[in-house]
Each structure stands twice: as structure tokens, then as C-alpha cells.
Amino acid sequence: MVVEGTDKRLSPNAGIAIGPILFIIAILGILAAAIAAGSGTFMGSTTAESNKTKSAALIQIGENLKLGMDQIIMENGISPNDVNTSYSATDSNSGLFSPTGGGIAQPSPGMANDPRVDRWYFVRGDVVGFGTGNDVVMAVLPVKLGVCTEVNNRVMGTSGVPTGNFGDFAANTVTSDAWPDTGASWGLSDGTSTTMSTPSLRGIATGCIQNTGVEVNTTTGPSSDYFFYQVLAIQ
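Participant: Just to check I follow, could you spell out the overall build of the protein for this structure?
Facilitator: On a plain count of helices and strands, the protein comes out with two helices and seven strands. For the protein, long-range pairs separated by at least 24 residues make up 60% of all intrachain contacts whose partners lie at least 6 apart in sequence. As presented, the protein carries roughly 12,300 Å² of accessible surface, and 56% of it is formed by carbon and sulfur atoms.

Take a look at the structure:
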């Protein structure tokens, strides 16, 4: 076929290439949809693994703090209430983080809800379930809800968080009368709450709670009212 006004002929295959192009576009669209659908599942899986990793690290840090406290009490004969938990107390045998005291490094806030503003608190008080009229020393750190539930899942096999007013952790004090026991209110991992007959955190040295007695402050901390806790000593 000759086009009028020119001596060039149209190729007999003209227009055939549009088919493969449309096919490629369709494939790309399918791939984009699959990636978009799978990204949510991937993010959920990543978050769950992160919570597990952080919970395991927190439990290890708690054990290390407990070893330091045991070192001071048993080797140096220091009363739990006389142990200095200040990071700067490095020249005394009563310092938890002193080479001649507990002999351990200060714990990192890297597993906290917001490591930029959160820190470890060393709280003291009479806590129900850890002896009668005995002063308890605990280390607590603000964490994310997902990390909190994973800690309790590892410790007790229950993905829930007991809720209550447990004292002003930011002021380094803990109250005893509301410490979780059977029949306590537990917040679940999906944000709902329920009353559970079991388990109880009384006597459980490592766990996680939601402390409504703490004022959350995202600027200066604590940035969360969920707290990992480790009992360091009972006097």
C-alpha cells in the first residue's frame, strides 16, 4: 500500500506492538496491587518480631540489674534501701553502678517507648505479694504496649497487661495496695480490657504493667504508662 503524496509503504506489522505493551502494563498493575496488599502483612510481622526482640532484651537487662543488686547485698552487706542507684555514684561500694559496688554498667533506654526522653526509674515501696511489710526495690522502664504484652507472654504465657494505679514511678515510689492480683483489670493487646481471674503478678519478679498513676509526658518522659519492671531486692 502506498500513502498518497509519498513513496513510502506502511509496514504490514504496524500496530501489532500495542498488544505486548498493554500486557506489560497489566502485569505491572497486578504486581503493584500484590505489593500493596502484602506490605501490611510484612509490617505487622516486622512489628511482632521487634516486640519479641525487645522483650527478650529487657528481661536480660533486668537479670543483669538483679545480679548487680545481689552483689552489693551479699558481698558488701549493704541494705537494699541503702543502695545508691544514681549513675554518678561510681566511687562507693554502695553504688549499683560502681566498680566496687554492683559492678554493672548502667542500663540502656534503647528498648523504651521513646529512648530520647524515657529512662530507667528505680522505685521503692511496700508491694503486696513480695513479703509482708517489706520494702521492695524495682527497676522500671516505659515501653510500648506490644512490648509489654510480649514480656508477660514470655513470663506467664498471657498476652495481657494488668492496669491500675501503682504509684508515681517518676518520683521513684511504688504503692502496694493496687498491685495486680486475681480479679484485677487486664488490658489486652488489642487495646480492650477485661477482668481475669488469673494469673496474678503477686510474687512475679519480672513482668509488665500499665500504671495509671504516672503522668505521661512525651516531651520529658515518661512517654508511656506501660512499664516493664524487674524486682531487684526485697528487704
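Participant: Looking at this model, I keep getting lost on the pairing of strand β7 (residues 226-234). Mind explaining?
Facilitator: Sheet faces and side chains relate simply in a regular strand, where the side chains alternate between the two faces. Among the nine residues that make up β7, eight are buried, leaving the element largely enclosed by the rest of the structure. Of the strand pairs in this sheet, strand β6 (residues 206-211) and β7 are connected by five bridges, and their pairing is antiparallel. Bridged to Gly-207 within β7 is Tyr-229.

Participant: Where do I start with the pattern of salt bridges in this structure?
Facilitator: Side chains that differ in charge, positive against negative, can pair when their charged atoms come close. Per the stated rule, a full pass over the model turns up four salt bridges. Here Lys-66 makes a salt bridge to Asp-70, at a shortest N to O gap of 2.9 Å. In this pair, Lys-66 and Asp-70 are both assigned in helix α1 (residues 18-75), four residues apart and thus about one turn of the helix distant. Arg-154 is paired through a salt bridge with Glu-150; the nearest N and O atoms lie 3.9 Å apart. Taken as a pair, Arg-154 and Glu-150 lie in helix α2 (residues 145-156) at a separation of four residues, close to a single helical turn.

Participant: In this structure, what is going on with α2? I would like to understand it.
Facilitator: Working note: α-helix, 3.6 residues per turn, so residues spaced by three or four point in the same direction. Compared with an ideal rise of 1.5 Å per residue, which puts twelve residues at 16 Å, α2 spans 16 Å between its outermost C-alpha atoms and is within 8% of the ideal. A positive phi of about 75° marks Gly-157, the residue just after α2.

Participant: Can you walk me through a nonpolar patch on the surface in this structure?
Facilitator: Together, Ile-18, Ile-21 and Ile-25 make up an exposed nonpolar region whose accessible area comes to about 280 Å². Relative to the helices and strands, Ile-25 resides in helix α1. For Ile-25, a relative accessible area of 52% translates into the label exposed.

Participant: When you look at the confidence of the model for the protein in this model, what are you seeing that I'm missing?
Facilitator: Detailed reading of predicted coordinates is not advised where the pLDDT is low. Confidence in the prediction of the protein, expressed as mean pLDDT, is 82, and 74% of residues score 70 or more. Element-level pLDDT for the protein is lowest in strand β5 (residues 193-195), with a mean of 60, against a maximum mean of 94 in β7.

Participant: Mind showing me how you'd approach the nonpolar core here?
Facilitator: General note: in soluble globular proteins, nonpolar side chains tend to be found buried as a group. Counting residues in hydrophobic clusters, the biggest one holds 27 residues, and the most contacted among them are Leu-65, Leu-96, Trp-120, Phe-122 and Val-143. When residues of this core are traced back to their parent elements, those giving at least two are α1, β2 (135-142), α2 and β7. At six residues, α1 tops the list of elements feeding residues into this core. Excluding anything up to four places from it in sequence, Val-143 contacts Leu-58, Met-111, Ala-112, Asn-113, Cys-148, Cys-208, Ser-224, Tyr-226, Phe-227 and Phe-228.

Participant: When you look at unusual backbone geometry in this model, what are you seeing that I'm missing?
Facilitator: Residues apart from glycine generally show negative phi values, whereas peptide bonds are mostly found in trans. Cis geometry marks the peptide bond from Gly-221 to Pro-222; its omega dihedral reads 0°. You can see Pro-222 is positioned in the loop between β6 and β7.

Participant: Sorry if this is basic, but what is going on with the packing of aromatic side chains here?
Facilitator: The geometry of an aromatic ring pair is captured by the separation of the ring centres together with the interplanar angle, meaning the angle of the planes. Evaluated as defined, the whole model comprises four aromatic pairs. With 5.1 Å between their ring centres and 70° between their planes, Tyr-87 and Phe-97 make a pair best called edge-to-face. With Tyr-87 in the loop between α1 and β1 (121-126) and Phe-97 in the loop between α1 and β1, the pair connects residues that are ten residues apart, well separated along the chain. Look at Phe-97 and you get buried, because its relative accessible area is 6%.

Participant: What should I look at first to understand the pairing of strand β3 (residues 160-164) in this one?
Facilitator: Most of β3 is tucked away: four of the five residues are buried. Direction of pairing for β3 relative to β6: parallel, over a ladder of two bridges. Bridging across to β6, Thr-163 finds its partner in Gln-210.

Participant: Explain the environment of Thr-173 to me, please; I cannot follow it from the model alone.
Facilitator: Within the fold, Thr-173 resides in the loop between β3 and β4 (185-188). The class for Thr-173 is partly exposed, based on a relative accessible area of 37%. Along the backbone, Thr-173 and Met-138 are 35 residues apart, and their C-alpha atoms lie at a distance of 9.5 Å. Setting aside its immediate chain neighbours within four residues, Thr-173 contacts Val-123, Arg-124, Phe-166, Gly-167 and Asp-168.

Cut-off values and rules
- Residues numbered from 1 in each chain as written.
- Predicted model: local features only at pLDDT ≥ 70, side-chain atom pairs only at ≥ 80, totals over all residues.
- Heavy atoms only, no water.
- Helix = DSSP H or I, 4+ residues; strand = E, 2+ residues; numbered from the N terminus.
- Contact = heavy atoms within 4.5 Å.
- Areas by Shrake-Rupley, 256 points an atom, 1.4 Å probe, with all protein chains shown as cover.
- Buried < 20%, exposed > 50% of the residue type's maximum accessible area, 1.4 Å probe, protein only.
- Pairing = 2+ DSSP bridges.
- Salt bridge = Lys/Arg side-chain N within 4 Å of Asp/Glu carboxyl O.
- Expected span 1.5 Å × (residues − 1).
- Patch = residues over 30% accessible without salt bridge, like charges linked within 9 Å, V, L, I, M, F, W, Y side chains within 5 Å.
- pLDDT = per-residue confidence, 0-100.
- Core = buried A, V, L, I, M, F, W, Y, C linked by side-chain atoms within 4.5 Å.
- Phe/Tyr/Trp six-rings, centres within 6.5 Å; stacked < 30°, edge-to-face > 60°.

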